[in-house]
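Coordinate inspection notes
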Amino acid sequence: MEDNPKRAVVLLSGGLDSATVLAVAKSEGYDLFALSFSYGQRHAWELQAAKRVAASIGVAEHRTIPIDLRAFGGSALTADIAVPKGRTTEEMSGSIPITYVPARNTIFLAFALAWAEVLGASDIFLGVNALDYSGYPDCRPEYIVAFEAMANLATKAGVEGRQVLKIHTPLIALSKAEIIRLGRGLGVDYSLTSSCYDPSPMGAPCGQCDSCLLRQKGFRENGIEDPLLKTS
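Here goes a summary of the coordinates provided. Here the structure is a predicted model, which is why all the values come from computation and not from measurement.

1. Some words on the side chain of E46
Within the secondary structure, E46 is located in helix 2 (residues 45–57). Every residue in contact with E46, bar those within four places of it in the chain, is listed here: S13, G14, Y39, Q41 and S194.

2. Regarding the packing of helix 1 (residues 16–27) against helix 7 (residues 176–185)
Relative orientation of the contacting elements helix 1 and helix 7 amounts to 45°, with a least axis distance of 9 Å. Considered as vectors, helix 1 and helix 7 are oriented oblique to each other. Taken as a pair, helix 1 and helix 7 cross one another with a handedness that is left-handed. In this structure, helix 1 contributes L16, D17, T20 and V24 to the contact, and helix 7 contributes K176, I179, I180, L182 and G183. Partitioned by chemical class, the residues of the contact of helix 1 with helix 7 number five nonpolar, two polar and two charged.

3. Regarding helix 8 (residues 210–221)
Taking 1.5 Å as the rise per residue, helix 8 with 12 residues should run 16 Å; its terminal C-alpha atoms sit 17 Å apart, in good agreement. Burial analysis of helix 8 places nine of its 12 residues in the buried class, the great majority of the element. For helix 8, the set of buried residues is D210, S211, C212, L213, L214, R215, Q216, G218 and F219.

4. With respect to the sheet that holds strand 4 (residues 123–125)
Taken together, the five strands give an open sheet; going across it, the order is 3-2-1-4-5, and neighbouring strands pair in parallel fashion. The open sheet has two edge strands, strand 3 (61–66) and strand 5 (166–168), and neither has a second partner. Pairs of neighbouring strands in the sheet enclose a mean axial angle of 25°, with direction left out of account. Pairing of strand 2 (residues 31–38) with strand 3 involves six bridges; the strand directions are parallel. By the bridge assignment, A34 is partnered in strand 3 with H62. In this fold helix 1 packs onto strand 1 (7–11), strand 2 and strand 4, with an angle of close to 170° to the strand it touches most, strand 1.

5. Remarks on the pattern of salt bridges
Scanning the model with the defined rule gives 11 salt bridges in all. Between D198 and R42 there is a salt bridge, with its nearest N and O atoms 3.6 Å apart. Note that D198 is positioned in the loop between helix 7 and helix 8 and R42 in the loop between strand 2 and helix 2, a separation of 156 residues in sequence. Close ionic contact of D68 with R70 constitutes a salt bridge, the shortest N to O distance being 2.9 Å. We classify R70 as exposed; its relative accessible area is 52%.

Calculation criteria
- Residues numbered from 1 in each chain as written.
- Predicted model: local features only at pLDDT ≥ 70, side-chain atom pairs only at ≥ 80, totals over all residues.
- Heavy atoms only, no water.
- Helix = DSSP H or I, 4+ residues; strand = E, 2+ residues; numbered from the N terminus.
- Contact = heavy atoms within 4.5 Å.
- Axes fitted to C-alpha atoms, helices over the stretch in contact; angles between N-to-C directions.
- Parallel < 35°, antiparallel > 145°, perpendicular 65-115°, else oblique.
- Left-handed = near helix turned anticlockwise from the far one by under 90°.
- Nonpolar A, V, L, I, M, F, W, Y, C, P; charged D, E, K, R; others polar.
- Expected span 1.5 Å × (residues − 1).
- Buried < 20%, exposed > 50% of the residue type's maximum accessible area, 1.4 Å probe, protein only.
- Pairing = 2+ DSSP bridges.
- Salt bridge = Lys/Arg side-chain N within 4 Å of Asp/Glu carboxyl O.

Structure (structure tokens):
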């Protein structure tokens, strides 16, 4: 496949951050190739949200890859472990939470790297955030720098000099409120997204997990109500 510098692979979970990143990549003129994962997560409702977001923003292709991280467990999202509820911001930032999925971003980025090489794309976008990030180690800037360096050593296209991969993290230094402000400016419909770690069978947010609380805080700081609270 011919190289196209305006192709980008975008990791799309269906959550608020990834929807915003998809809109950012589109605003920068990329042809979008969205990549989602059915990895055994308890919040699988987000995959329906990812389909809605991809259709709303417009992508060249959207793939959902099945990988079963329940085989390893070790997380409240992939094992029979309770999702923490009602934590304060200080508690969230105190230690790496049990909702951390071991090596998840490394696994997801490896798949994105493979697809990018096939597409001839030199750009990968993902919605990691180092402020409201609940302590996840694979959301830090130094992790992204390290993975990018590794990626450029790991592919045939990179070794042959046909591709220099860039990992874009446009949200990494933004607060949740700033992310929402950015997305609204780009026309993101946040009613299509799903952020909850422990939603109801019909996708309604629990309102008390870390992800819900950080999301609600972001909307409050913008002086607006989360559209999911209007429909749940």
